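Breakdown of the fold
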Amino acid sequence: LKYVILKSEFLHIKKHLDALMIKDEHAGPFGYMVRSLYFDSIYDRDLYDKLDGVLEKRKIRIRIYDWKVKSGKLEYKCKNGTDGVKYSLSLTRGEIQDMLDHNYTFLMDRDEELAQRIYLRMSAGAYTPKTIIEYNRLAYKYPVSDTRVTFDTEVRASLTPFGLLEEDPGYIPIIPTDQGVLEIKYNNFFPGALKQVIQAIDRLQTANSKYAQGRLLHG
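For clarity, every value in this text was computed on a predicted model and none was experimentally measured.

Rules used in this analysis
- Residues numbered from 1 in each chain as written.
- Predicted model: local features only at pLDDT ≥ 70, side-chain atom pairs only at ≥ 80, totals over all residues.
- Heavy atoms only, no water.
- Helix = DSSP H or I, 4+ residues; strand = E, 2+ residues; numbered from the N terminus.
- Rg over C-alpha atoms; globule rule 2.2 N^0.38 Å.
- Buried < 20%, exposed > 50% of the residue type's maximum accessible area, 1.4 Å probe, protein only.
- Contact = heavy atoms within 4.5 Å.
- Pairing = 2+ DSSP bridges.
- 1 Å grid on protein atoms, 1.4 Å probe; cavity = no way out; pocket = protein on both sides within 12 Å on 5 of 7 lines; lining within 4 Å.
- Points joined across faces, edges and corners; volume = space filled by probe spheres on them.
- Nonpolar A, V, L, I, M, F, W, Y, C, P; charged D, E, K, R; others polar.
- Phe/Tyr/Trp six-rings, centres within 6.5 Å; stacked < 30°, edge-to-face > 60°.
- Lys NZ or Arg CZ within 6 Å of the ring centre and 35° of its normal.

Across its full length, the protein chain holds six helices and 10 strands. The globule rule puts the C-alpha radius of gyration for 219 residues at 17 Å, and the 18 Å found for the protein chain is close to it. On the principal axes, the C-alpha backbone points of the protein chain span a range of 50 × 35 × 35 Å. When burial is assessed residue by residue, the protein chain has 47% of its 219 residues classed as buried. Residue pairs in contact within the protein chain that sit at least 24 positions apart in sequence constitute 68% of those at least 6 positions apart.

Below, the structure is given as structure tokens:
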């Protein structure tokens, strides 16, 4: 579930989230930075699947939390309607740089079946880096149904897709600065206690895609 809401609206429910949920242990009191580099095929297959409303969608991205990182995650997101799952592999900084240089062959040498799946998709579609999306995230966890609530603000996109490991790739905001993206993920069912908290904004649910917004920004 995704909602684009005002920061002031989030403040109304934040006190309830603070009482009911546990903040992500990897973040400080004000959250943390998330930076993702998205790849797409030569014909932008993944972008157009999203824009055309195709039921089954895929995304491949590298995610880091600091531009000086020694490692990151290669993530493969698979979505069917509103149901989705995310698979991930750990990457060294050297492997991240290889992917920035369009060298994906090291994936075939990895033991994980997921690495080979990603390699086959990327090589068949001639995938290349397309855009970087960065934002500040406040994250909460709830043990029932493995529920996670995140609120992303200062959402921005870079016009330089090869600047993932640079301090400042040069960003442009992609949503108004007084708004944020509230996202709720859960398995099986959404706990009733949390459902009551977000009931007031339930009408605002939207199919928000940071990747698509960032790509459309490029024109």
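We now examine the pairing of strand β6 (residues 83-92). On any regular strand, side chains alternate: one points to one face of the sheet, the next to the other face. Across 10 bridges, the pairing between strand β5 (residues 71-80) and β6 is antiparallel. In the sheet register, K73 faces β6, and the bridge partner there is S90. Where β5 folds back on β6, the antiparallel hairpin that results is connected by two residues, among which G81 adopts a positive phi of roughly 65 degrees.

Of the volumes computed, that of the largest pocket is approximately 1500 Å³. What lines the largest pocket is a set of 41 residues, and nearest its centre among them are K77, G84, K86, E183 and K185. Taken together, the elements giving at least two residues each to the lining of the largest pocket come down to α2 (45-51), β4 (56-64), β5, β6, β7 (128-142), β8 (147-158) and β10 (179-185). Considering only enclosed or pocket space, the second largest pocket measures out at about 160 Å³ in volume. K7, F10, L11, K14, P29, F30, G31, N136, R137, L138, F151 and T153 are the residues that line the second largest pocket. Every element with two or more residues in the lining of the second largest pocket is listed here: α1 (7-20), β7 and β8. Along the lines of polarity and charge, the residues of the lining of the second largest pocket split into six nonpolar, three polar and three charged.

Following the criterion strictly, the structure yields four aromatic pairs and no others. With a centroid separation of 6.1 Å and 85 degrees between ring planes, the pair formed by F39 and Y104 is classed as edge-to-face. Here F39 is found in strand β3 (residues 32-40), whereas its partner Y104 is found in the loop between α3 (93-100) and α4 (113-125), with 65 residues between them in sequence. Residue F39 is classed as buried on the basis of its relative accessible area of 1%. By relative accessible area, Y104 is classed as buried at 7%. We note R117 situated over the ring of Y87; from NZ or CZ to the ring centre the distance is 5.4 Å.

Applying the stated criterion across every chain yields a total of one cavity of 30 Å³ or more. For the largest cavity, the lining is made up of 14 residues, of which K2, R61, K77, E183 and K210 are closest to its centre. Mapped onto the lining of the largest cavity, the elements with two or more residues apiece are β4, β7, β10 and α6 (210-218). Looking at which element gives the most residues to the lining of the largest cavity, the answer is β4, with three residues.

By themselves, these observations are geometric and do not establish any function.
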